[in-house]
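Read off the chains here:
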Amino acid sequence: MSMTPTPPLLSVRDLTVAFRVRGEDAPVVRDLSFDLHEGETLGIVGESGCGKSMTALALMGLVPNPPGRIASGSIRLGDEELVAAAEARLRRVRGARISMVFQEPMTSLNPVFTVGEQIAETARAHLGLSAREARDRAVEMLRLVGIPAPERRVGDYPHQLSGGMRQRVMIAIALVCEPQVLIADEPTTALDVTVQAQIFDLFRELQDRMNTAVILITHDIGVVAEMTDRVMVMYAGRKVEEGPAADFVAAPRHPYARGLVNCVPRLVADPPDVPEPLFEIPGLVPGAEALARPGCAFAPRCPRAMPVCGREFPPVTASPGGRSVACWLDAEGAR
Amino acid sequence: MTVPAPSPPSASAAVPAEAPLLDVRGLEVRFPVRGGVVHAVGGVDFAIPRGQAFGLVGESGSGKTTAALACARLAEAAAGEIRLGGEDVTHISGRELRAMRRRVQIVFQDPYASLNPRERAGAIVRRPLDLMDVGPKSGRQARVEALFALVGLRPEQQALFPHQFSGGQRQRIGIARALASGPELIVCDEPVSALDVAIQAQILNLLARLKRDLGLTYLFISHDLAVVQHLCDEIAVMYLGRIVERAPKRALFARPLHPYTRALIEAAPSADRAVGRAGAPRRRAAAIQGDPPSPLDPPPGCAFAGRCPHAVDRCRTEVPALRDMGGGQAVACLRADGAGGFV
Amino acid sequence: MSEPPVMTSMPPMPPMPVPEPVSPARQAWRMFRRNGAAMIGLALLLLVLAEAALGPALYSVSPDDMVWMPLTPPGASEYWLGTDYVGRDLLAGLIHGGRVTLIVGGSAAALTVAIGVLVGAFAGYYGGRIDNALMRVTEFFQVLPNLLLAMVVVMLFGASLVNIAIAIGAVSWTSTARLTRVEFMRLREMDYVRAERSIGASDARLIWAVILPNAAPPLIVSAALSAGTAILFEAGLAFLGLGDPNAMSWGRIIGDNRPYVLDAWWAVTFPGLAIFLAVLAISLVGDGLNDALNPRLRER
Ligand SMILES: Nc1ncnc2c1ncn2[C@@H]1O[C@H](COP(=O)(O)OP(=O)(O)OP(=O)(O)O)[C@@H](O)[C@H]1O
Ligand SMILES: Nc1ncnc2c1ncn2[C@@H]1O[C@H](COP(=O)(O)OP(=O)(O)OP(=O)(O)O)[C@@H](O)[C@H]1O
Ligand SMILES: [Mg+2]
Ligand SMILES: [Mg+2]
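What counts and what doesn't
- Residues numbered from 1 in each chain as written.
- Chains lettered and ligands numbered in written order.
- Predicted model: local features only at pLDDT ≥ 70, side-chain atom pairs only at ≥ 80, totals over all residues.
- Heavy atoms only, no water.
- Near = heavy atom within 4 Å.
- Polar contact = N/O pair within 3.5 Å; in protein donor to acceptor, adjacent residues only side chain to side chain.
- Areas by Shrake-Rupley, 256 points an atom, 1.4 Å probe, with all protein chains shown as cover.
- Helix = DSSP H or I, 4+ residues; strand = E, 2+ residues; numbered from the N terminus.
- Nonpolar A, V, L, I, M, F, W, Y, C, P; charged D, E, K, R; others polar.
- Contact = heavy atoms within 4.5 Å.
- Buried area = accessible area lost by both parts, 1.4 Å probe.
- Salt bridge = Lys/Arg side-chain N within 4 Å of Asp/Glu carboxyl O.
- Core = buried A, V, L, I, M, F, W, Y, C linked by side-chain atoms within 4.5 Å.
- Buried < 20%, exposed > 50% of the residue type's maximum accessible area, 1.4 Å probe, protein only.
- Domains from an automatic or database assignment.

Notes on the site of ligand 1
- Close contacts around ligand 1 come from 13 residues, with S48, G49, K52, S53 and M54 of chain A the closest.
- Looking at what sits near ligand 1, you find residues from chains A and C.
- G51 of chain A is positioned such that a nitrogen or oxygen atom in its backbone is 3.0 Å from an oxygen atom of ligand 1.
- At 2.8 Å from an oxygen atom of ligand 1 is found a side-chain nitrogen or oxygen belonging to K52 of chain A.
- Summarising the interface, the protein chains cover 76% of the accessible area of ligand 1, which totals 640 Å² for the free molecule.
- The greatest single-element share of the shell around ligand 1, amounting to three residues, is contributed by helix α1 (residues 52-60) of chain A.
- In terms of residue class, the shell around ligand 1 is made up of five nonpolar, four polar and four charged.

In structure tokens form, the structure reads like this:
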């Protein structure tokens, strides 16, 4: 990914999403800023509950409200501001210019409609196609996502398809309007690795063809390395590190990111007979009620925490090559 | 810390030391379902030497769990033989079965579904001691405490209910329960797949430590090759109810013989492989296409033939047997030549 | 790898304080307490129960004696709620009748649950042939017209309180049985049940000590609802003249006074209101329990 000076396609600034938990506002996404360029793939990684899905939902304008809401910040798609845009306006953007593929392919398809109807419905709503055209478009999309015999399959109900095929249908629905941004929230966790590989190949192929920008949410560092251009690590609702995927995976900087990269066993050609202990990140992700506390949320689990970490959230230290990290260790080093 | 050592097996005393702890031959398990019979496990053979970890990998629905449940006598074997320490346990019942249960325990996949939500953690870990009458009553409380310490939980946590623990902690409770009776064999059914990556490492380290310290034997199921490679000594790859390849860990990764094994290794996303990449095509195209066939309606011949790049007509009619290829490696492929090529 | 992992084992973490144990029942109660309607229902229910338990001792007028002129309206005499068509004190009838109504309703509900759980538990746990046989029986009872069957039972065996409770229980257990069966089928495949099996638990232990407590939430809700239904059922039978002639119940007051509805609205309105309040209280509590015992709602 070359650092072209073209303006970003999607630009998020100081986004904060708050949930009301037992009468208190819990910022599940906090002061998040990032850019996404055309044709680029951005990975978002982090443990469960770090706010990855909530970020995605915020971009889609789908934060469940109540109890959640976008408390502050801005999301610009092209030159349109999406935060505080009217619902009618958002509906036109959603599905047409930004669309999303969810984790569970079974529960996100409607069991009582055929997959063809579901694809066609989206096409009609956004592209104003006639029923006939929409149906043809559905067949075309199914072919595009690699479903064999699409003319026959359009009439199938979701339960008649395998998990991998359902996920392909979800992708077809997401892509039917040729969106500029595609958000994939753990699109393959429910699938087998061989099928996962197929889905990722499909992503890449479609991206090459349509120049779609992709946000890929995952917890698998291997997927990050193979699929993304840039990575953003989230912890407790904040971005703690960002950088080009290859550099990041080779040398993560934030102690949390380092833990994430090193705690998974790696597939190697010549494994040792006795397993080496894996790197452990002690402790747990903080619950929603701890999110509003001052300081770095990782400090209680951090092997190198200092007194200042508990008091104040570290400033973001940027370094050449488009890397940045929010950690006092780097902030001190920079001084 | 009083570590609960495995109870010395009385039955295996007479058996030569080399006999595997678990020996499974021709195991078949079927489930009647509407519209037919699912051959969940269609004839598998493997043996696990004492003190080793044996990995079972394969995709969803390939019969890993079912095979493991049969080994623990929690699913009925329709055919075949299961020997524990040389003793045939396939059809035992009553007192013998109870004695066998002390020796084989399970750690389940989903830490949210494997603990009774209405029992306190301490009671959950103690239950096997009471039900299987392990040790004198007076010593059981102390043993529960030792088990808690062993898996890294604190004794005060005994009074809590499962919902008050995190996923990783729950899995520790599940492990403590499995260890309570001092078993020799522990069946681990995807013990980390439901856990967050950071927590996975904690549990994998715990399992590795327990194996070493207590001399445990594992039948370890996972769909994650890296996890299996990390923990296991020998690995079997399952596809649609059968073992398609079985090999010592090093051999399997150095020289995978079955096309499906290769596809699995190829498909596993790897940070290392990707880091060395240079520019454009970030990955080779997925090695295999298509979906696994339905176990309700298995194809004749090799179940993998429909997705196999090397399949020939013979593969679609003839079911390949597991052939020994030397070095402890066995493969069920008509075309594998044993050197990594295809005849 | 440019930098090695910082460390490979857990650094000593400051031990986090261990929280108080919170049992699922306590959790449910916390949830229930926050539900206004359910708490009102509970208060109302306790009031009705207290009335049934203590009322007859505190208000000594007999419900069977003629105490005043028949069909005296409320407020026209020392008998506040007036009298019925034979001059019996309506208030005394309500107070004594409440006890009978609740006892009949409660025991009919208990019987409903007992039969339903027994049948459902065996069918769901064992499955296969046992399930088939038990489900045939259940279907048979289900297709019989309930009220008619209860009437036949009462007419054949006599209209005693015991027979009435049995008649109601005998016709209304089928839905509990189905519910229990489904719950048992779901729970018997849970890993914690498997784990119990793997440590040699007996079928009896699995059914009664492991699965049943976990199947309890929907069953408790359904028990509450069947108590409400049983009360209405009893009232219906009494209204049709099939109540126990020796025991005053709310339904019987209405049934007895039915011909005089136009002259004495109070004689049917007050017992009707009592039935309504009791059933309302029970269903509010049932609704509250449904929410409180639903683990998905409890998360938040
Ligand atoms: N409806 C809700 N009410 C209150 N808090 C919520 C709600 N939904 C989500 N949260 C909280 O928001 C935070 C972020 O959740 P999110 O789903 O974005 O996590 P995630 O990073 O996607 O995790 P995962 O990897 O498990 O999908 C969590 O702490 C979660 O508890
Ligand atoms: N109780 C059952 N009744 C009917 N079919 C069953 C039952 N249990 C499992 N099966 C079927 O048997 C096959 C093997 O299932 P099993 O759970 O052993 O697979 P697995 O390899 O463990 O898969 P996963 O990775 O999804 O856990 C599947 O097709 C499954 O649908
Ligand atoms: Mg998520
Ligand atoms: Mg399984």
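We are not done yet, so read on.
Brief notes about the interface of chain C and chain B
- The interface of chain C with chain B comprises 26 residues on the first partner and 29 residues on the second.
- Both faces considered, chain C and chain B share a buried interface measuring about 2,500 Å² in area, 62% of it formed by carbon and sulfur atoms.
- The three residues of chain C that bury the most area against chain B are V18, S198 and I199 of chain C, which together make up 24% of that side's buried surface.
- Taken together, the links from chain C to chain B amount to one salt bridge.
- In this structure, the connection of chain C to chain B is made through 10 residue pairs in polar contact (both at pLDDT 80 or more).
- Within the residue set of the side of chain C that touches chain B, elements represented by two or more residues are α1 (24-33), α8 (191-198) and α9 (203-239) of chain C.
- If you tally residues by element for the side of chain C that touches chain B, the top one is α8 of chain C, at seven residues.
- Considering only residue class, the side of chain C that touches chain B consists of 15 nonpolar, five polar and six charged.

Side note on the nonpolar core
- Core analysis: the biggest nonpolar cluster contains 134 residues, and L10 of chain A together with L179, Y218 and F220 of chain B have the highest contact counts within it.
- At 11 residues, the largest contribution of residues to this core is made by helix α6 (residues 197-214) of chain B.
- Residues lining this core come from more than one domain, with at least three contributed by each of domain 1 (22-239) and domain 2 (256-269 + 297-342) of chain B.
- Among all residues touching Y218 of chain B, those that are not within four sequence positions of it are I48, Q52, A53, F54, L185, I186, C188, L207, L210, K211 and L231 of chain B.
- Counting residues in hydrophobic clusters, the runner-up holds 40 residues, among them I147, C177, A184 and L202 of chain A.

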